[in-house]
Each structure stands twice: as structure tokens, then as C-alpha cells.
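A structural walkthrough
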Amino acid sequence: DEMGQLSEVMMDVINCYDLATASRNSFNNFIVELPPICSDVRQKQRISIDTLPPEVKAPFPSEPVIPLRTKTIKEFQEDMDRATTSGDWRDVRDFYLTTFDSFLEINAAFKREANAPFNTIEDSGVNSTFLNAVYDALLCTPQDIQKSVLKGIINSLLKEWKGPRTKDDLRAYFILVQNPQYSSTSTYVIYAHLLRQIAGLSEADHHFLVHWFKKLSPRRFRQLVERFLHFISTRLLPAPPDELPPLTRCSWWIPAATKVLALFNAANSISTPPIMSFTDFYNITLDHIDIMEQYRTWQSHGNSNKFSFCQFPFILSTVVKKAIIQRDSEQQMISMARQSLVNKVSRRQRVDMNLLFLNIKVRRAQLLSDSLDELSRKRADLKKKLKVTFVGEAGLDMGGLTKEWFLLLVRQIFHIDYGMFTYLKDSRCHWFSSWKCDNYSEFQLVGTLMGLAVYNSIALDIHFPPYCYKKLLTPPIVPCDQNTPIGMATATLGDLQQVMPDLAHGLGELLCYEGNVEEDFYLTFQVFQEELGVVRSYNLKPGGDKIPVNKQNRKEYVQLYAGFLLNKSIYKQFAAFYRGFHSVCASDALMLLRPEEVEMLVCGSPELDMSALQRAAQYEGYSKADLTVRCFWDVVLDFPLELQKKLLHFATGSDRVPVGGLADLNFKIAKIDVSTDWLPISHTCFNQICLPPYKSRKELKQKLTIAISNAEGFGLE
């Protein structure tokens with residue numbers, strides 16, 4: 001019988017195994033033979049358990065009684081101190097040997113009250129102080145004690161080949177997953193089987209674990225997340241055969257670990273504030289794998305049993321998601337260009353290479369009107385590669401003119417005189433004007449413009465609050481039914497804080513007010529809003545002007561008010577903006593993104609790290625040790641932020657930092673053999689700046705400052 005053979009082999013080998021002297025290879029040779037422990041195997045075993053010989057049947061009482069263990073943390077620490085001093089580890093060894101021998105013993109040792117139920121999500125019932133002390137001491141014990149703990153864990157996992165889980169079982173998994181021994185690759189096989197059992201639990205059981213995980217201390221929580229990420233990275237990369245079993249025999253490791261990591265991500269998401277930044281869940285190793293294969297698998301199979309990292313987008317960095325969107329965009333561009341060619345050829349018409357591009361021709365003096373007119377007329381070409389021409393200028397667009405066009409257009413659209421967006425000084429961001437009109441097509445064109453920027457990998461200098469991007473992903477895919485509401489993200493007081501902090505503060509005080517709300521505030525469910533100089537009133541609910549706000553309904557009032565300001569009052573404006581954005585960026589890849597990540601794709605990284613640019617810079621005609629180059633970096637690193645942004649704009653055509661930071665910019669400094677009376681010049685299409693051989697820091701600073709401060713317009717020499 002499989003289980004009997006497994007138990008016999010495991011017992012024989014682990015009893016003679018000595019971690020202090022045996023090689024890691026010996027450990028793996030026996031442990032890799034463990035068959036997969038998963039829900040399917042467990043189910044089969046439960047059904048056929050009566051056919052097992054008596055000697056391998058595990059006793060599974062319907063209502064097990066947890067043995068009483070009375071050791072306190074003080075007694076345990078005294079045992080540890082005594083063993084460290086005397087070298088006699090018998091008491092400590094007996095404690096560890098007993099404690100980890102079964103799920104029952106684990107509960108006996110660490111449950112605050114042995115036979116109390118603790119069946120709520122709010123309290124795991126675990127004595128975390130004692131557990132932490134036991135685990136902190138474990139790595140300081142002799143190797144034979146550490147071996148006995150691993151032996152006990154294997155025993156525990158073997159005994160748990162059964163069906164439904166009790167809360168004591170969940171508690172045991174909660175305790176076992178915190179074991180610090182799993183930091184070593186020599187324990188990865190045991191760790192993998194533990195994770196597989198946890199991943200195979202029911203959704204209801206996962207719900208309990210998520211809430212228990214969020215109660216861990218921030219330090220413990222972070223340690224566990226980092227351990228999962230390291231485990232996944234180690235298994236992704238090729239490993240020496242004496243360290244880990246072949247990938248073909250453990251293809252389930254990464255899915256199991258990722259699914260358990262997802263529970264920690266869920267725990268982090270429901271914590272206020274989050275325990276860790278969402279970026280701390282990124283696995284940077286995934287930046288270096290063929291992510292498009294994962295993406296195609298996900299597109300084909302969705303969230304079915306076929307694993308793809310795209311099922312768990314929290315683990316993918318913004319760099320990876322940008323690469324997916326960029327590749328997806330390129331495929332759509334190629335498809336559109338091919339279709340245009342086929343249509344021309346099928347009609348036996350002359351092929352013009354311009355039909356492969358979205359060609360935008362604008363006059364600088366009429367930049368806004370020309371641009372919006374061009375985008376309106378060429379909607380069918382929006383998914384082609386963008387190419388911009390400024391009328392009357394000789395510049396050829398290899399990318400630099402496109403960046404310049406976006407930069408200038410955004411400045412004009414968001415200017416206060418244009419009236420589409422209101423600049424809110426308190427939050428330093430733009431928001432949609434609430435004025436009503438018959439035609440919201442300009443908002444759609446602005447959404448199209450932002451979509452084009454993402455589609456063509458251009459970062460924009462746009463200052464929307466994070467809530468705007470939350471609305472943009474509500475839903476992430478445009479619904480087929482035209483009557484389905486779009487952009488109606490749930491609005492909280494925290495969301496309103498991003499846009500109108502003073503008003504949010506006042507509403508927060510209303511919620512906390514201890515006095516007579518109705519008499520002291522004298523509010524009703526009616527609000528007033530100024531639109532083009534006219535004050536208009538709106539009811540937050542039917543008959544709202546006659547419903548006073550009091551202590552009982554003030555929470556509803558705040559929710560409705562926030563929803564009105566952030567959703568209802570600008571619904572038509574934002575709906576047009578949403579449709580414009582998605583008319584270009586319609587892609588399954590948007591489902592992988594968080595609102596913060598959409599903001600980064602639109603606006604670029606917020607960090608302007610010139611030192612990173614210096615480390616990644618390439619040189620042509622110069623070396624990093626040349627005087628001119630050394631002077632250049634001395635000057636640039638001393639520039640204030642404003643001049644550093646101007647330098648970035650001068651060299652690249654945009655003052656925005658790309659996703660991934662300046663290290664990913666492919667920036668080059670080239671030498672031009674001309675008089676030092678010349679100013680520096682740039683090739684924005686190639687992120688290149690060309691420097692004459694200046695001989696002093698003062699001269700370079702003067703010439704560079706003049707050049708970057710007068711860097712609009714293009715010409716050919």
C-alpha cells in the first residue's frame with residue numbers, strides 16, 4: 001500500500017538521518033520520493049481507508065480531545081538557559097519531539113485553552129508569544145533536535161490525509177507555516193508539501209487563515225512573505241541536482257506556494273493600513289522569464305486549473321505588466337497594419353506606407369484644435385503606431401516628436417482656462433469639471449489621448465488623484481451592454497480625502513461629533529454645487545431636502561455625499577473619458593493592474609534618481625573617466641529638481657521617468673567634435689545627448705543650462 005510504504009521508508013530514513021553530518025543530497029534523495037500531498041490524494045485515501053492494514057491506520061476520532069500541556073514560556077526559557085549552560089538538552093529535546101508529532105500535540109502546546117473552540121476569524125486561539133519564543137529558540141538548538149521537528153512535521157502531514165478540516169487543523173497549519181526552518185533549501189520538499197496541503201483547503205478555511213494571518217506582527221508577516229518569494233524564485237531558477245529535485249517531478253511547487261502567498265496578499269489587502277506595500281509582493285525574478293507565455297496561457301484558460309502567474313497579478317511587478325501591455329499593443333498594431341494592407345491589396349489599390357501609422361499633423365499655433373480634430377477623424381486608426389508631424393517643421397518622428405506632442409497637448413488641455421478640468425490646490429491634482437453640456441466628446445478625446453500614451457509607452461505629466469484610476473478600472477473591460485454603469489467605483493471618505501481634503505476632514509468631524517448633530521449642523525440630504533457661477537441644489541436621495549441629518553443616518557449621508565461628488569455629479573464626463581481610454585487600451589492585460597499601477601503606466605515613476613541614470617549611462621566617443629563626462633555628472637547631480645526635469649525633457653522629449661526608473665532609459669552621452677562655443681544638442685528619439693569637449697565645469701554648466709531651458713521645437717541641420 002502506498003501510504004504504508006511511504007510511512008515505512010520515511011521512518012527508516014529519518015531515524016538514521018543526522019543533519020549535522022549528512023549531506024544535503026542525502027536528505028533530498030529520500031524526501032523527494034514523497035508523493036504529492038493534495039486534495040485529490042487525500043480524498044482517495046479517505047474513501048479507501050478501511051482497506052488499509054491495521055498497522056498503518058491512523059486513529060481519527062470524530063471529536064479528538066486535546067491533551068493538556070502546561071509548559072509556560074517562562075519554564076521553556078528556563079529549560080533553554082539550563083541546556084545552553086549545561087549541555088544537557090534532554091528536556092528541550094523531549095518538548096520539541098512531543099510538540100510537533102501531530103496536529104493534536106501542536107494545538108496542545110500552543111492553543112491558549114486546550115479544548116476551547118476558538119471558531120472565529122478574529123482569534124486564532126494561538127499563544128503567539130509562546131510560539132514565537134519556541135521558533136526563535138529552535139534554530140539555536142542542536143541539529144538532532146531540529147531534525148526531530150522536521151520528522152514530527154512529516155508525521156503530522158502524513159496523519160492528515162483525510163477529508164474535512166477542523167479549526168484545530170487550521171490552527172496547526174497556521175502554526176507550521178511559521179516555522180523558520182523553511183528558509184533552508186534542504187527543507188524545501190517538506191515545505192512544498194505543507195504548502196500544497198494549505199493550498200488545497202476549502203475557500204471557507206482559507207477565509208479563516210487570511211484573517212489569522214493579518215493578526216501576525218508586521219515583522220513575522222514580512223518574513224513569511226519574503227520566504228515564499230525566495231522559495232518561488234529558487235524553484236524558478238535552475239538548481240544543482242544535489243540541491244533540489246528535477247522540475248519535472250515538482251511542477252506543483254510554484255502553484256502551491258503562489259496560492260498560499262495569495263492568502264497573505266489578501267490579508268494585507270484587508271488590513272488598514274496595509275501591513276506591507278503592495279510592491280513588496282512583487283517577485284523580481286519574474287521580470288526575467290517569458291511572461292508572454294504565461295499571459296497567453298491565462299488568456300486561453302482563465303482561472304482554470306492550468307496555472308499561470310497572471311492568475312495572481314499581485315506577484316507581477318509593474319515592469320512585467322508594462323511589458324505585457326506593450327507586447328499586447330504591438331501585436332494589435334501589427335494586426336491593424338496587416339488588415340489595412342490586405343484591404344488595399346484586395347481592392348488593387350496602390351499601397352502607401354503611411355497607412356501603417358496613425359498620422360497626426362498639427363500646427364503649433366493650433367495644437368489643441370488640430371489634435372482633437374485629427375483624433376476624431378482617425379478613430380479607425382487609433383491602434384496603429386502613432387506618428388506626429390508639426391506643420392512647417394522639418395523634424396522626422398522617430399519617437400521624439402510624439403513625446404513633444406503629448407507634453408504640449410497635456411499642458412493646454414489641463415490649463416484652467418480650458419475649463420474641462422479643475423485644479424484643486426489643496427490636493428494638488430486635477431478633477432473633472434461638473435458643468436453640464438450637450439456634448440462630452442472632448443472628454444472622450446482626452447481619454448483617447450491618455451490611452452494613446454499608454455498604448456505607445458509614453459509617460460504623461462498628468463495629476464489625477466489615485467481614485468481616478470480606480471474608476472478607470474471599474475470595470476477593467478468595457479461591458480457589452482451600453483446601459484451598464486461604468487466608472488462608478490465605490491467612494492469612501494478616504495477617496496474623497498485624495499480629491500477634496502478639507503471637505504473630507506469636515507465630514508470626518510461630522511461622523512465623530514458627540515453633540516446634537518441635527519440641531520448643531522442643521523443639514524439635510526441635499527447638497528449645493530456651483531456650476532459656471534450658478535449654485536444648484538441636488539438631493540442625495542429622494543426627498544432629501546426634507547430629511548435631516550442626525551446621528552443615526554450621518555454615515556449614510558457621508559457615503560452618499562462622497563458618491564455624489566466623485567461619481568454621480570461627473571458621471572457623463574467620466575463615462576466619455578472612460579470610453580475614450582478603453583477605445584485604445586482595450587486589453588485583457590488591464591485586468592492584471594491595480595489603480596496605482598495604471599497611474600504609473602500613465603505618469604511614469606515618481607522617483608527622479610539621477611544617480612541611477614549615471615550608473616546606466618552609455619558613452620560614444622567618451623568614457624566615464626573623461627573630464628567632460630565627469631563635469632557633466634557633477635553639474636547634473638547638483639541641479640535642482642526643476643533643471644533635472646528640463647534635462648530629461650531635453651534628452652528624451654519628456655520629463656517623466658519611465659516605469660522601472662531611469663536605469664531603464666537606455667541613455668547615451670555622445671561626443672561631437674565641434675567648437676566648445678556650441679551648445680549641447682540632443683536626439684530625443686534615441687535618448688541621446690551630444691556634448692562638445694568642454695574643458696571646465698563652469699563652461700559646461702552654462703552651456704547646458706541654456707540648452708535645456710530653451711528646448712522646444714525641432715529642426716534638421
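Keep in mind that this is a model prediction, so the values were computed, not measured.

Moving on: the pairing of strand E10 (residues 688-691). Residue alternation in E10 divides its side chains into two sets, Gln688 and Cys690 and Ile689 and Leu691, and both sets are buried. Looking at chain direction, strand E9 (residues 681-683) and E10 are connected through three bridges and run antiparallel. If you follow Ser682 over to E10, its bridge partner there is Ile689. Where E9 folds back on E10, the antiparallel hairpin that results is connected by four residues, among which Asn687 adopts a positive phi of roughly 55 degrees.

What follows covers unusual backbone geometry. Trans peptide bonds make up the majority, and among non-glycine residues the majority have a negative phi. Residue Thr272 is joined to Pro273 through a cis peptide bond whose omega torsion reads -5 degrees. With respect to the helices, strands and loops of the structure, Pro273 is situated in the loop between helix H13 (253-269) and helix H14 (291-301). For the bond from Thr474 to Pro475, the omega torsion is -5 degrees, close enough to zero to count as cis. Its location among the elements puts Pro475 in the loop between helix H19 (466-472) and helix H20 (493-499). Phi angles above zero are rare outside glycine, and Tyr522 is one such case at about 50 degrees. With respect to the secondary-structure elements, Tyr522 resides in the loop between helix H22 (517-521) and strand E5 (526-531).

This part takes up helix H11 (residues 203-213). Taking burial as the measure, the eleven residues of H11 include eight buried ones, the bulk of the element. At its buried positions, H11 is contacted by helix H9 (167-176), helix H10 (188-199), helix H12 (218-236) and H13.

One finds Tyr96 and Trp405 to be the most contacted residues of the largest nonpolar core, which totals 169 residues. Excluding its chain neighbours within four sequence positions, the residues that come into contact with Trp405 are Ile360, Val362, Leu367, Ser371, Leu386, Val388, Phe390 and Leu449. One finds Val629, Val635, Phe667 and Ile708 within the second-largest nonpolar core, a separate group that totals 29 residues.

Structurally, Leu138 can be placed in helix H7 (residues 128-138). In the structure, Leu138 is positioned 41 residues away from Asn179 in sequence and 9.0 Å away in space, judged by C-alpha atoms. Those residues in contact with Leu138, other than ones at most four positions away along the chain, are Tyr96, Gln146, Val149, Asn179 and Gln181.

The next thing to look at is the UniProt feature "active site" (unreviewed entry) in the chain. Per the UniProt record, the feature "active site" (unreviewed entry) sits at Cys685. Inspection of the secondary structure puts Cys685 in the loop between E9 and E10. In this structure Cys685 comes out as partly exposed when scored by relative accessible area, which is 24%.

It is worth spelling out the side chain of Asn268 at this point. Along the chain, Asn268 turns up in helix H13. Within the structure, Asn268 has its side chain in polar contact with the backbone nitrogen of Ile275 (distance 2.9 Å). Once residues within four sequence positions are removed from consideration, Asn268 is found in contact with Phe221, Pro274, Ile275, Met276 and Phe281.

In terms of strand pairing, strand E7 (residues 618-620) meets strand E8 (residues 668-671) through three bridges, oriented parallel. Pairing of Glu620 across the sheet is with Ala670, part of E8. In this structure, E8 lies alongside E10, joined through four bridges in parallel fashion. Of the residues in E10, the one forming a bridge with Lys668 is Gln688.

Right, let's get into the sheet that holds E9. The strand order across the open sheet built from four strands is E7-E8-E10-E9, with neighbouring strands paired in mixed fashion. Edge positions in the sheet fall to E7 and E9, since each has one partner strand and no second. On average, adjacent strands in this sheet sit at an angle of 25 degrees to one another, irrespective of strand direction.

Quick look at the pattern of salt bridges now. In the structure shown here, the tally under the stated rule is 27 salt bridges. With a closest N to O distance of 3.0 Å, Glu556 and Lys541 form a salt bridge. Placement of the pair is Glu556 in helix H23 (residues 554-566) and Lys541 in the loop between strand E6 (534-539) and H23, with a sequence separation of 15 residues. You can call Glu556 partly exposed: its relative accessible area is 32%.

This brings us to helix H21 (residues 501-512). Here H21 contains twelve residues, and its C-alpha end-to-end distance of 17 Å stays within 8% of the 16 Å for a straight helix at 1.5 Å per residue. Buried within H21 we find Pro501, Ala504, Leu507, Gly508 and Leu510. Each element contacted by the buried residues of H21 is listed here: H20, H22 and H23.

Calculation notes
Residues numbered from 1 in each chain as written. Predicted model: local features only at pLDDT ≥ 70, side-chain atom pairs only at ≥ 80, totals over all residues. Heavy atoms only, no water. Buried < 20%, exposed > 50% of the residue type's maximum accessible area, 1.4 Å probe, protein only. Helix = DSSP H or I, 4+ residues; strand = E, 2+ residues; numbered from the N terminus. Pairing = 2+ DSSP bridges. Contact = heavy atoms within 4.5 Å. Core = buried A, V, L, I, M, F, W, Y, C linked by side-chain atoms within 4.5 Å. UniProt positions renumbered as here; feature names shortened; annotations may be inferred. Polar contact = N/O pair within 3.5 Å; in protein donor to acceptor, adjacent residues only side chain to side chain. Axes fitted to C-alpha atoms, helices over the stretch in contact; angles between N-to-C directions. Salt bridge = Lys/Arg side-chain N within 4 Å of Asp/Glu carboxyl O. Expected span 1.5 Å × (residues − 1).

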